[in-house]
Structure formats: structure tokens, C-alpha cells
Amino acid sequence: MAIVLAFACALALVPGAQRASVASHRGPPHVILITTDDQTVRDMIALPKTQALLGAAGASFTNAYASYPLCCPARATLLTGQHAHNHGVLGNLPPEGGYSALRDEQTIPVWLRSRKYRSIHVGKMPNGFGATDQDYVPPGWKPFPADGEFYGFLPDPPSAYTGFKLNENGVPVTYGESDYQTDTYGQIAEQRIGAHFSLFPNRPLYMQVHFFAPHDPATPAPRHAGAFATAQLPVDKAFNERDIRDKPPWLRAVKRMGPGLRGKVLRRYRTRLESLLSVDDAVERIVGELEARGVLDETYVIFTSDNGYMQGQQRLHQGKFVAYDPSSKVPLLIRGPGVPAGVTTKELVSNVDIVPTILDAAGAAPQITQDGRSMLPFARRPSLRSTRPVLLETGQPIGISDPASESAGARAKSSIRVKNLDLDGTAQFAKVVKPPKYRAIRTGRYLLVKYSDGGRELYDMSKDPLQLDSLWKDPRYAPVRKWLLKKLAKLAQCAGETCNRELRKPPKPLPRPKRKPGDAKQPQPD
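Described in the following lines is the structure provided in the data block. All values derive from a computational prediction rather than experimental measurement.

As a further point, take the sheet that holds strand E21 (residues 456–460). In spatial order, the strands read E14-E19-E20-E21; together these four strands make up an open sheet with antiparallel pairing. Looking at strand neighbours, the two that pair on one side only are strand E14 (390–393) and E21, the edges of this open sheet. Neighbour-to-neighbour, the strand axes of the sheet open up by a mean angle of 10°, direction not taken into account. Sheet topology note: the strand E19 (residues 438–442)/strand E20 (residues 446–451) ladder contains five bridges and is antiparallel. Looking at the pairing, Arg 442 lines up with Leu 447 of E20. In this fold helix H12 (residues 478–491) packs onto E14, E19, E20 and E21, with an angle of close to 65° to the strand it touches most, E20.

Let us now look at the side chain of Ser 278. Relative to the assigned elements, Ser 278 resides in helix H8 (residues 259–292). Exposure remark for Ser 278: the relative accessible area of 0% places this residue in the buried category. A polar atom in the side chain of Ser 278 sits 3.2 Å from the side chain of His 224. Apart from the residues within four sequence positions on either side, Ser 278 is in contact with Tyr 180, Thr 182, Asp 183, Ala 221, Arg 223 and His 224.

This part takes up the pairing of E14. Burial along E14 is two-sided: Val 390 and Leu 392 facing one way and Leu 391 and Glu 393 facing the other are all buried. Where E14 and E19 come together, four bridges link them in antiparallel fashion. Note that in E19 the partner of Glu 393 across the bridge is Arg 439.

Spatial ordering of the open sheet is given by E10-E3-E13, a layout of three strands whose pairing is mixed. Both edges of this open sheet fall to strand E10 (329–330) and strand E13 (349–350), since each of them pairs with a single strand only. Both strand E3 (residues 64–65) and E10 contribute to a ladder of two bridges, which runs antiparallel. Within E10, the residue paired with Tyr 65 across the bridge is Lys 329.

Counted according to the given criterion, the structure contains 24 salt bridges. Note that Arg 118 is salt-bridged to Glu 149, the shortest N-O span being 2.9 Å. With a gap of 31 residues between them, Arg 118 in strand E4 (residues 118–123) and Glu 149 in strand E5 (residues 148–154) connect regions that are remote in the sequence. Note on accessibility: Arg 118 and Glu 149 belong to one class, buried. Among the salt bridges present, the one from Glu 149 reaches Arg 192, with a minimum N-O distance of 2.7 Å. Of this pair, Glu 149 sits in strand E5 while Arg 192 is found in helix H6 (residues 181–199), placing the two residues 43 residues apart along the sequence.

Here helix H2 (residues 48–55) crosses H8 at 35°, and the two axes come no closer than 7 Å. In the packing of H2 onto H8, the handedness of the crossing is left-handed. Contact with H2, carried on its side by Pro 48, Lys 49, Thr 50, Leu 53 and Leu 54, involves Asp 280, Asp 281, Val 283, Glu 284 and Val 287 of H8 and no other residues of that element. In terms of residue class, the contact of H2 with H8 is made up of five nonpolar, one polar and four charged.

Helical geometry note: an α-helix holds 3.6 residues per turn, so side chains three or four residues apart project in the same direction. Along helix H10 (residues 354–362), eight of the nine residues are buried, which leaves the element largely enclosed by surrounding structure. Where H10 is concerned, the buried positions are Ile 354, Val 355, Pro 356, Thr 357, Ile 358, Leu 359, Ala 361 and Ala 362. Phi turns positive one or two residues past the end of H10, at Gly 363, with a value near 70°.

Basis of the calculations
- Residues numbered from 1 in each chain as written.
- Predicted model: local features only at pLDDT ≥ 70, side-chain atom pairs only at ≥ 80, totals over all residues.
- Heavy atoms only, no water.
- Pairing = 2+ DSSP bridges.
- Helix = DSSP H or I, 4+ residues; strand = E, 2+ residues; numbered from the N terminus.
- Axes fitted to C-alpha atoms, helices over the stretch in contact; angles between N-to-C directions.
- Contact = heavy atoms within 4.5 Å.
- Buried < 20%, exposed > 50% of the residue type's maximum accessible area, 1.4 Å probe, protein only.
- Polar contact = N/O pair within 3.5 Å; in protein donor to acceptor, adjacent residues only side chain to side chain.
- Salt bridge = Lys/Arg side-chain N within 4 Å of Asp/Glu carboxyl O.
- Left-handed = near helix turned anticlockwise from the far one by under 90°.
- Nonpolar A, V, L, I, M, F, W, Y, C, P; charged D, E, K, R; others polar.

Take a look at the structure:
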């Protein structure tokens, strides 16, 4: 915290620095990108202030997806505006993934420099950052303080809400057990916003604040512990799914959860929500500081998550990576100039669209091809629609734990130590299940998943939003399968504009065969 305090002391000597209102500048708008980690759409119930300050004051995207629902590849996309098959970060660990696979000289803070932005980073970086060089500051966030500031999380230890370490403009700083990480990020963000507008009132600001919550171990701030102690886990037909004979082989190996594991899912659900309450407080501080400085109306504030999280759906009690909606669907809110208040858009969007959106707002040009497109037209005109599909893809297959190992609530019998889908050291004893790599296409109506081991899934989301009944083997959907596979083959290799081509209307499923007299209805599985 030494550098922050030193800069704060210097700031106090600047005339009018104490929360002075800034006259409206005539340059590009300011942009604040706020992300959480592993947050689902339904977790928004723990963020009422965020919903009021951003959603009710702007646009809510109800069909937003993470193109690669895993931490490091998703965060690389939020820096580059590219799919994983183009930016090259194909997992959380080297050699295919991790921060070392990212070309960090080709990222959004570098490109924004052409428009005179000062760029400030606060919080989590892609996995592996700082593992070997704790004083490294990536391009675009320096030199300090003239052109940027950097307060990046260091994985020492890798998953800690207290007793954590930050790289503060090239200096590793260790925080104590009384310092709660989410609150610290909120405080730094608030201070740096104030400092920017006091010392650089004519420079546009780009800030990204990447929170760790509600990632495991989902430790809430002491003031929020027990706030959701009586919350009940939302349970639908996808939870602990009964009949998975239609699912691919890797998932059919997973047994149903027993009371022990269901209890664990419930406990995690509650602490995850509690950990998000501090994020809600931090968003309030950030928006409050922008308002106090008189710049809120000329600032785009974007809120999203790197990916979702499985909480018992399709029998998966934890993790992400998979294409099912709880894993790949994310919250997305945007407020800012020209965005009407309280609107909702159903347009299908992806995290590859976030960087192009920021570049569009800033009037800046990227130095690499962008796979996404600006979302501002859809935020400003919520009735606007397109037929562009979304690509979901993965690289490294990731081991997840089999819920059956704790089905009776007893200690797991397997001696295999497996890590969660972040591969960050939070481990449990369980049988290993590895979803294969996959490519998937999501349209306004369908989801088709093509696994590397030959498994396939097809869902008609208009009739089956919980993804309960795969139609891959249904002969009525043969024309749909053929059409989607052809589109997926091209989308999986797309770059730039080829990722954004709209689709024509898909073929209709074949008519249902007429039932002959005397045909008995097939018994349904229990």
C-alpha cells in the first residue's frame, strides 16, 4: 500500500484535489470495466446496488456468453478482443495457456494510448501473472504516473481474500490478514479515480477492476458473514439431473449427487453470495466517486464476469469449462453516454465483443484483428437484433471431480487429488472426470457441441432452456444438425469479420411422424 499512500499524500498537496468536480472534457469518454470471477447470472441477487447503479441506469444483456468459459483464456479475451484460437491462450497453465502465452504488447491499454488515455489496472490478472517476476508491469499500464498505474494481484498465495500480495507499479506489497481483498480493490479504485481527475483532468481514463469474488474459497468480508445463511439453493430439473442417457460419454460417467455433496453445493452457494456483497459495495464506491467528480454521465461503466459456474446442474457440483449455460453464460450490464436507462436487450453477445465496444467508445484502433463487434448499437437500441452466432471453444481438457465420491456425505474414497477448474491449488479428494475439448455454436435458438472424443450434443433452447434433452440422435433434427455443423466448421476457424457474419434462417425440424393406431407411448424413465 506504500505507493498508493505516497501518491495520496502528494495528491493532498494539489489545490482543489479533494473530490473537486471536473469540468466536462471534450475528448473521448472515460471507461470503467468491472469484472467478477466465476459469477453466474443468478448470483446478481447479491448485487442490488450494482443492478440499480448500472442495470437500472443502462442496458442489461440477457444473452451474454464467455467464448472460453475458463479464467485465463477468458481474461485474455478481455484484453485482446480475440477468441482463444487466435490469441493463443488455450488454458490456465503453460505451455498452451497461462499468462506466458499472452502477447501482452497487443492489448487494449496499449491501443488506447493513441487517444491519450491513462490506463489503470486493479486486481486479478490472467492466471500465472507474477509467478516468476513479481515486479513486472505489462505494457500499457506504465510509465507511472504519467500514462498509467498498475495494482495487479500476485499469486503468493494463489487464492486468498486476506493476506494477499499486489504488484503496485512494479513494487510487490504484502497486505495483512485484516485487509480484505475486495474492499482493498474498491478503495484503490476510488482513490485512483480521484487522483486521475485531480492531476490529469484533461486526459480520458480507462480503468479495469477485476475482483476475485465469488471464486473459491469465497470468503466473505466479516461484516457479511452469514448474510445468506438461510438462502435456499435454486433447484430446477437440471439440478442433479436424473436421466442423462442423452448426454455425452464423459458426463454419463458422473453419478447423481447424494445429500453430502448437495449440502456442500448449498454451503458454497451461500458463501459465494456473501462474498459478492463486498463487490456491490465497491461498485457503489466507484460510481459514487465518478459522480462526485462530475464525470459519471460521460463514463461508460461495464460490468461482467469472466465465466459462470456449475452448481449442481447436469450433476456437476462445481467448476466451469463446459458449454452448459450455468458455466458459459455471464451477467453483462452497460451504462454510459447514449445508453437509455433501464433497458434490456436479448441480442446474443460474447466477451469477444467487450474490447471492440470499448475501442468503439474511445475512437481507438486496435493493432490486431478483432473477432468481436461493438455492443453499443444494441445497448442504445435494445430492439435491434442480428443473427450472428456465438462460438464457444476450449483448449486443454480440464479435470473436475466426480460428485459421486461424496454422494453419502462421507470422506471421498478415491486417493486422487484433483484441483478445481482453475487449477489453482484449491483441491479435494475425488474421482477425476475430464470433459474433452470441444467447439460449440450458439445461435438464437440452438446450441450444438462437438467434442474431440466424438461426443455430440444438440439443444433446442427455445423449448429446452435447461439443456435437459439432447436432440443429437433425434432424426427430426437431422437438417438442423447438418446446417449447424457446417456453420460451426467455419466459425471455429474464424478471424475478424468472419466471426461476425450473420446466419440465414435455419432449416426447420422435420415433421413428427404420425402415430399409428395402437402404438403405445414409450415409458418415461423414473
